[in-house]
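Descriptive structure summary
Each chain, written out:
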Amino acid sequence: MTSRTGAPWWRDAVIYQIYPRSFADGNGDGVGDLAGICARLGHVAGLGVDAVWISPFYPSPQADAGYDVSDYRDIDPLFGTLADADALIAEAHRLGLRLIVDLVPNHTSDQHVWFQAALAAAPGSRERERYMFRDGRGPDGAEPPNDWRSTFGGSAWQRVADGQWYLHLFAPEQPDLNWLNPEVRAEFVSILRFWLDRGADGFRVDVANALFKDPALPDLGEDAAHVLEPTKRIDHPFWDRDEVLEVYEEWHRVLAGYEGERMLVAEAWVANPERLARYVSAGRFQSAFNFDFLRCPWRADLLHEVIDACIEADAAVGAPPTWVLSNHDVVRHVSRYGLPQPTKGQLSTRVDATAGPPDLLLGRRRARAAVLLMLALPGGAYVYQGEELGLEEVEDLPDAVLQDPVWKRSGHTQRGRDGCRVPLPWGGAETPFEFGPAGSTPWLPQPPHWAGLTVEAQSGDDASMLALYREALRRRREHPALGDGTIRWLDAPEDILAFARDPGFACFVNVGAEAVPLPESARVVLSSLPLDDPRLLPGDSAVWLDVRP
Ligand code: NOJ
């Protein structure tokens, strides 16, 4: 399983994100599980990716779909057992896939033994010191300790029975740990070893930029309202503080003690590519998601800028760039690209809901071009389950089924992230589309028209999104110019992104609506759409070209 170039495998790996509750349901309870993943892993291996990252599978009250962990060394009965996890790791390795575990170090569940012990203990106790407990403000301490807001809405502080408050940057069921406490640090090193010893090939680190908080807990003032936007403040009291980097240096050393090129990937929504590059400089993370690419509208000038900025910042620290179009936290890119794109320079994961329902035909057309762009860029890439099927955001889920804490905490004003988490359609003509056994009811309803988007339906169809992903990934693996390396931009008209890679490869992406001529000498290797005229690149499409003389 070493990379074809002899460089570490993660420098140009394509990693497939599995969201366990929505991938495949082995026992028919409507929620995906590890047995389901094991049974369907052949689909992922058949796509031609290098690894899977599995979103949290630990015991959890599921207040935030598993990102509220109550025991880091076990599996939630909803998903299976530790033996199932061992079997899954073995099956992944048998199929030639590496397996990345999702680690959640910023907060635990409120049901974690540590937090339960903290609630039972007195203010100032060792148990409370593992979390961020503080006295409140005001004469009787009835006001929260400061004005920080939770990412999911409302105050970031919750009061407990004896009057103290604890910090939760996410839901109240997700109390923040105190990373200044050496006991917390030691515990996470031990958790890393637990999974490394079981064969995990690495970790995706949840909100890697959050762990440390300014102990003075200063008010944020106006900035408090913008907690969801990557901060532009370099001295922010909880996002992207310098102290956090040292923790990852320690983790890097722990992983380096194991054989087999284990890796860490950071989920860090930070101010700019230079700040992100700090996470991937030598001796820290191996890679970090480049969310600016995900947040970039379908516009040639901005895409060019964002790609350049990421490549440059990573190159300065010797790290490979890492591209991503979708994940379980954002509106699926088929839907994002199907809406009118902002014309002014702006990056955003939010889509303008008032812009009406997305044009899904246009969204899929652009998504096909986008994946050829992403897979032609240097470095690694992530594929979120279902994007290989061209799934769209499900925007008409009934209120009663919504589970994302955002829905409740926003006072039912924001629907949250359930629309990108709807269970996958595998086969058959009606729900559950073989997500689970016939007759079972998926935890979120699948749209009836997904009958045409199942893995089964797309498998025999050369024009399908699935066929495009399989073909692009196969060619990416085989082509000596693709994967790790550099790009050279080519002169091109306004709406075109065009770059070359050595030896003999070029990628042209037409982000505009009008067809444009391709270079005369070029031979088309792969195109996102059938080309009526091989010298003409249609609007919203992309091609890979062989440009060897
Ligand atoms: C980022 C995860 O991707 C998201 O799903 C989760 O809600 C937050 N971190 C909190 O853990």
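Residues numbered from 1 in each chain as written. Predicted model: local features only at pLDDT ≥ 70, side-chain atom pairs only at ≥ 80, totals over all residues. Heavy atoms only, no water.

Contacts to the ligand come from 13 residues, most closely from D64, H107, D206, H328 and D329. A distance of 2.4 Å separates an oxygen atom of the ligand from a polar atom in the side chain of D329. R417 is positioned with one of its side-chain polar atoms (N or O) 3.0 Å from an oxygen atom of the ligand. A total of 300 Å² of accessible area belongs to the ligand in isolation, and the protein chains cover 97% of it. Of the residues belonging to the shell around the ligand, the class tally is three nonpolar, three polar and seven charged. (Near = heavy atom within 4 Å. Polar contact = N/O pair within 3.5 Å; in protein donor to acceptor, adjacent residues only side chain to side chain. Areas by Shrake-Rupley, 256 points an atom, 1.4 Å probe, with all protein chains shown as cover. Nonpolar A, V, L, I, M, F, W, Y, C, P; charged D, E, K, R; others polar.)

The full count for this structure, using the stated rule, is 36 salt bridges. Its salt-bridge partner being R417, residue D329 comes within 3.0 Å of it at the nearest N-O pair. Taken together, the positions of D329 in the loop between β10 (322–324) and α9 (333–337) and R417 in the loop between α11 (405–409) and α12 (455–459) put the pair 88 residues apart, joining distant regions of the chain. In terms of burial, D329 and R417 fall into one category: buried. By sharing partners, the salt bridges in this structure join D64, D329, D404, R417 and R421 into a single network. (Salt bridge = Lys/Arg side-chain N within 4 Å of Asp/Glu carboxyl O. Helix = DSSP H or I, 4+ residues; strand = E, 2+ residues; numbered from the N terminus. Buried < 20%, exposed > 50% of the residue type's maximum accessible area, 1.4 Å probe, protein only.)

Packing of helix α1 (residues 34–47) against helix α13 (residues 465–478) brings their axes to within 8 Å, and their N-to-C directions diverge by 55 degrees. Judged on the interaxial angle alone, α13 and α1 are oblique. Facing α1, whose interface residues are H43, G46 and L47, α13 presents L466, Y469, R470 and L473. (Axes fitted to C-alpha atoms, helices over the stretch in contact; angles between N-to-C directions. Parallel < 35°, antiparallel > 145°, perpendicular 65-115°, else oblique. Contact = heavy atoms within 4.5 Å.)

Here eight strands make up an open sheet; going across it, the order is β9-β8-β7-β3-β2-β1-β11-β10 and the pairing parallel. Strand pairing shows two members of the sheet lacking a second neighbour, β9 (287–288) and β10, which therefore form its edges. Examined bridge by bridge, strand β2 (residues 51–54) and strand β3 (residues 98–103) share four bridges and lie parallel to one another. Within β3, the position partnered with V52 by the bridge is L99. Along the sheet, α1 makes contact with β1 (14–18) and β2, crossing β1 at roughly 150 degrees. Along the sheet, helix α10 (residues 360–376) makes contact with β1, β10 and β11 (380–384), crossing β11 at roughly 150 degrees. (Pairing = 2+ DSSP bridges.)

This part takes up the packing of aromatic side chains. Applying the stated rule across the entire model yields 30 aromatic pairs. A centroid spacing of 5.9 Å and a plane angle of 55 degrees characterise the contact between F133 and Y166, whose relative ring orientation is tilted. With F133 in strand β4 (residues 133–134) and Y166 in strand β6 (residues 165–167), this residue pair connects regions lying 33 residues apart in the sequence. You can call Y166 buried: its relative accessible area is 6%. Among the aromatic side chains, those forming a connected cluster through ring pairs are F57, Y58, Y72, W179, F188, F194, W195, Y248, W251, Y279 and F285. Above the face of the W443 ring, R21 is positioned so that its terminal group lies 4.5 Å from the ring centre. Directly above the aromatic system of Y337 lies the positively charged group of R336, at a separation of 5.9 Å from the ring centroid. (Phe/Tyr/Trp six-rings, centres within 6.5 Å; stacked < 30°, edge-to-face > 60°. Lys NZ or Arg CZ within 6 Å of the ring centre and 35° of its normal.)

Right, let's talk about α1 for a bit. Over its 14 residues, α1 runs 19 Å from end to end, which matches the ideal 20 Å to within 8%, given 1.5 Å per residue. Along its length, α1 reaches its greatest deviation from straightness, about 50 degrees, at R40. Where α1 is concerned, the buried positions are L34, G36, I37, L41, H43, V44 and L47. Positive phi shows up at G48, right after α1, with a value of about 95 degrees. (Expected span 1.5 Å × (residues − 1). Bend = angle between axes of the 7 residues up to and from the residue.)

Attention now goes to the pairing of strand β14 (residues 505–510). Across the six residues that make up β14, a large majority, six, are buried. Along β14, one buried face is formed by F505, C507 and V509 and the opposite face, lined by A506, F508 and N510, is buried too. In this structure, the hairpin formed by strand β13 (residues 496–501) and β14 is closed by a connection of three residues, where G504 is found at a positive phi of approximately 70 degrees. Bridge analysis of β14 against strand β18 (residues 541–546) gives six bridges, and the strand direction is antiparallel. Along β18, the bridge assignment pairs C507 with W544.

When a protein is soluble and globular, its nonpolar side chains tend to lie buried together. The biggest cluster of nonpolar side chains holds 152 residues, and the ones touching the most others in it are Y16, W195, F203, Y248, W251, F293 and W544. Among the elements that line this core, the one with the most residues is α10, at nine residues. Not counting residues up to four positions away in its chain, the partners in contact with Y248 are V205, A208, L211, L264, Y279, G283, R284 and F285. The next biggest cluster of nonpolar side chains, apart from the first, holds 18 residues, and it includes F170, A224, W239 and V406. (Core = buried A, V, L, I, M, F, W, Y, C linked by side-chain atoms within 4.5 Å.)

Spatial ordering of the open sheet is given by β12-β13-β14-β18-β16, a layout of five strands whose pairing is antiparallel. Looking along the sheet, the strands with just one partner apiece sit at the ends: β12 (488–489) and β16 (523–527). As paired elements, β16 and β18 share four bridges and run antiparallel to each other. Note on β18: the bridge partner recorded for V524 is L545. Where helix α8 (residues 300–316) meets the sheet, its contacts fall on β12 and β13, and the angle it forms with β13 comes to roughly 35 degrees.

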